[in-house]
Amino acid sequence: MCNAFDYIESNEGKTVISEDTFFQDETNITAAIYGVYNHLARFIELQGNLEELALSGIVAKEKITPSCDAISNVWSAGYTVIRDVNTIISHSGNCPFDARKYLAQAMAVRGFVYYNMAMLWGDVPLITEPVTVGDAFFPRTPKADVYGFAVNQLMTSLDKIDGFAGQTQNANLFLNSDAVNLLMAELMLTIGEGQTAEKFASESRIFQTESVFTTAYSDGVNITYQQVLMPSHFALLKEEASGKSTPEDILLHWKQQGGSHLFGYWAMLKRLGLAM
């Protein structure tokens, strides 16, 4: 496998994955996965910017719909990631090698994005085939079904998710089993399954002490790193799942760990009924 930092420094992340080449050998599919993560980093950055705007009151009193640049940019970035992972997943069966670890990465990313899209907007189009999103109209899928699909993707990825990066120096630049367990805990809280959420929040190996998952976004000139999922998320989600703390205490503890700068803060506010 080529080094993640080398790839990020020399590529902006391909805007379109070539269906003709990426699955012919492991070098190509690895590069495709790195490209997906570059787009995922952009999605997460834009989502954070949108949530900061909402918290500042600029759009807090408006229903979140794709009606302004700050919002439509997140929508577009999310479906760019979806387009690329759909291409990888749909062609993984043609690989002349064991592609399960790559498939696990693609499915985990797809679950991550769809969970966050549904958390932001509720009903969203659930697209699972490699299509050009701008060329077609897709009806919205009920939020509960999108959440269910995200659960399926994350759970299916768990068995092979650590096979891609393992416990290497750069492992936290990719989703791993700790990250998936955190995402599952958050998802279970979102759908009201507190006991199941607590179980996932307790499934921690923490082989990366500073960050469970960090993104690295390259614009072709600079690389921007963002710590997304932290070890502190386990305790925060476990506390909320236990049902023993008041909303005020949960909010206080999130603020103590970074507040709005901590990924998942807006989702927590929505779960507690403190945001729309």
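All values reported here derive from a predicted model rather than from experimental measurement. (Residues numbered from 1 in each chain as written. Predicted model: local features only at pLDDT ≥ 70, side-chain atom pairs only at ≥ 80, totals over all residues. Heavy atoms only, no water.)

(A) Structural detail: the environment of Met 155. Considering the arrangement of structural elements, one finds Met 155 in helix 5 (residues 143-157). In the structure, Met 155 is positioned 51 residues away from Ala 104 in sequence and 9.5 Å away in space, judged by C-alpha atoms. (Helix = DSSP H or I, 4+ residues; strand = E, 2+ residues; numbered from the N terminus.)

(B) Spotlight on the pattern of salt bridges. For the structure on display, the rule yields 5 salt bridges. Note that Arg 100 is salt-bridged to Asp 98, the shortest N-O span being 2.8 Å. Linked through salt bridges whose partners overlap, the residues forming this network are Glu 186, Glu 240 and Arg 271. (Salt bridge = Lys/Arg side-chain N within 4 Å of Asp/Glu carboxyl O.)

(C) Geometry of the confidence of the model for the chain. This prediction gives the chain a mean pLDDT of 86; 84% of its residues lie at or above 70. Across the chain, the element-wise mean pLDDT spans from 40 in helix 1 (residues 4-10) up to 98 in helix 5. Overall, residues 1-15 carries pLDDT values under 50, and its contacts beyond four positions in sequence, including any with other chains, amount to 36 contacts. (pLDDT = per-residue confidence, 0-100. Contact = heavy atoms within 4.5 Å.)

(D) Molecular detail of helix 2 (residues 26-56). The end-to-end C-alpha distance of helix 2 is 45 Å, a good match for the 45 Å that 31 residues give at a rise of 1.5 Å each. The backbone nitrogen of Thr 27 has a side-chain oxygen 3.0 Å away, supplied by the residue at the start of helix 2, namely Asp 25. Phi for Gly 57, located one or two positions after helix 2, is positive at around 100 degrees. (Expected span 1.5 Å × (residues − 1). Polar contact = N/O pair within 3.5 Å; in protein donor to acceptor, adjacent residues only side chain to side chain.)

(E) Layout of the packing of helix 3 (residues 69-91) against helix 4 (residues 100-121). The interhelical angle for the contact between helix 3 and helix 4, taken along N-to-C directions, is 155 degrees, at an axis separation of 9 Å. Here helix 3 lies roughly antiparallel to helix 4, going by the angle between them. Where helix 3 crosses over helix 4, the handedness of that crossing is left-handed. Contacts from Ile 71, Val 74, Trp 75, Gly 78, Tyr 79, Val 81, Ile 82, Val 85, Asn 86, Ile 88 and Ile 89 in helix 3 reach Leu 103, Ala 106, Met 107, Val 109, Arg 110, Val 113, Tyr 114, Met 117, Leu 120 and Trp 121 in helix 4. Split by residue class, the contact of helix 3 with helix 4 holds 18 nonpolar, 2 polar and 1 charged. (Axes fitted to C-alpha atoms, helices over the stretch in contact; angles between N-to-C directions. Parallel < 35°, antiparallel > 145°, perpendicular 65-115°, else oblique. Left-handed = near helix turned anticlockwise from the far one by under 90°. Nonpolar A, V, L, I, M, F, W, Y, C, P; charged D, E, K, R; others polar.)

(F) Quick look at the packing of aromatic side chains. Per the stated rule, a full pass over the model turns up 15 aromatic pairs. Between the aromatic rings of Trp 75 and Trp 121, the centroid separation amounts to 5.1 Å while the plane-to-plane angle is 80 degrees, which identifies the pairing as edge-to-face. Residue Trp 75 is found in helix 3, and its partner Trp 121 is found in helix 4; the two are separated by 46 residues along the sequence. A relative accessible area of 18% means that Trp 75 is categorised as buried. (Phe/Tyr/Trp six-rings, centres within 6.5 Å; stacked < 30°, edge-to-face > 60°. Buried < 20%, exposed > 50% of the residue type's maximum accessible area, 1.4 Å probe, protein only.)

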